[in-house]
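These are the residues of each chain, in order.
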Amino acid sequence: KAGVTQTPRYLIKTRGQQVTLSCSPISGHRSVSWYQQTPGQGLQFLFEYFSETQRNKGNFPGRFSGRQFSNSRSEMNVSTLELGDSALYLCASSSAYEQYFGPGTRLTVT
Amino acid sequence: AQSVTQLGSHVSVSEGALVLLRCNYSSSVPPYLFWYVQYPNQGLQLLLKYTSAATLVKGINGFEAEFKKSETSFHLTKPSAHMSDAAEYFCAVSPNFNKFYFGSGTKLNVKP
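My aim in this report is to walk through the structure given alongside it, one point at a time. (Residues numbered from 1 in each chain as written. Chains lettered and ligands numbered in written order. Predicted model: local features only at pLDDT ≥ 70, side-chain atom pairs only at ≥ 80, totals over all residues. Heavy atoms only, no water.)

Glancing now at the overall build of chain B. Across its full length, chain B carries zero helices and 11 strands. Each helix (α) and strand (β) of chain B, taken in turn from the N terminus, gives the series β-β-β-β-β-β-β-β-β-β-β. Relative to the 2.2 N^0.38 estimate, which gives 13 Å for 112 residues, the radius of gyration of chain B is 13 Å and therefore close to what a compact globule would have. Each principal axis of the C-alpha distribution contributes one length, and for chain B these read about 40 × 30 × 20 Å. Residue burial in chain B is summarised as follows: out of 112 residues, 46% are buried. For chain B, restricting intrachain contacts to residue pairs at least 6 apart in sequence, the fraction spanning at least 24 positions comes to 56%. When the accessible surface of chain B is totalled, it reaches about 5,200 Å², and 52% of it is carbon and sulfur. Separation of charge centres in chain B, based on 9 positive and 6 negative side chains, amounts to 6 Å. (Helix = DSSP H or I, 4+ residues; strand = E, 2+ residues; numbered from the N terminus. Rg over C-alpha atoms; globule rule 2.2 N^0.38 Å. Buried < 20%, exposed > 50% of the residue type's maximum accessible area, 1.4 Å probe, protein only. Contact = heavy atoms within 4.5 Å. Areas by Shrake-Rupley, 256 points an atom, 1.4 Å probe, with all protein chains shown as cover. Lys, Arg positive; Asp, Glu negative; His and termini not counted. Charge placed at Lys NZ, Arg CZ, Asp CG, Glu CD.)

As structure tokens, this is what we get:
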């Protein structure tokens with residue numbers, strides 16, 4: 001069974017730009033969650049989607065948004081990038097009792 | 001509200017020594033508890049999970065953890081450290097598998 005895939009793996013953007021990250025969950029998993037990981041703040045929950053609906057949301061500004069498609073693939077978008085958005089963005093795919101993480105997308109904002 | 005506290009951001013042990021990584025949680029409901037490991041530039045890999053079955057949970061790579069409700073703890077142990085165990089370890093709690101709360105992580109260094 002293929003694992004969680006995230007694209008791209010690395011990304012460099014400039015302040016003020018926007019970015020879209022993609023996540024393909026494990027086949028059959030309907031829940032996809034996104035996390036931001038930084039050295040200072042650790043792992044912070046962004047949002048969770050289930051069957052194309054946002055089911056849970058963390059405490060991030062509205063610049064951070066996401067969506068899920070009918071095939072369970074998910075995208076997250078960050079608009080008006082700030083230097084502080086530089087982080088590893090992790091996607092996780094969940095079944096009933098387990099959560100599996102992708103390798104992450106390393107976003108650098110300059 | 002859920003939260004996780006990992007005591008010790010860095011732990012150093014000698015190869016062959018006992019590994020003990022501490023995790024305490026607070027939860028308003030009986031939680032599900034997890035330990036993950038992260039190697040540099042990689043995502044998180046599930047080591048083990050507690051889902052209200054046996055309180056002593058065995059995971060991959062020789063790790064195990066014991067759920068102690070009275071102490072609200074879920075410490076991770078391994079009898080004998082190996083060089084390949086050097087990584088960052090995260091404890092996490094979830095009330096319903098929909099939202100996970102992670103501790104700040106403990107970096108394990110294994111000395112030869």
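Applying the stated criterion across every chain yields a total of one cavity of 30 Å³ or more. Here the largest cavity is characterised by a volume of approximately 50 Å³. In terms of lining residues, the largest cavity is bounded by A:Arg9, A:Tyr10, A:Leu88, A:Pro103, A:Gly104, A:Arg106 and B:Asn41. Of the residues contributing to the lining of the largest cavity, the split by class is three nonpolar, two polar and two charged. (1 Å grid on protein atoms, 1.4 Å probe; cavity = no way out; pocket = protein on both sides within 12 Å on 5 of 7 lines; lining within 4 Å. Points joined across faces, edges and corners; volume = space filled by probe spheres on them. Nonpolar A, V, L, I, M, F, W, Y, C, P; charged D, E, K, R; others polar.)

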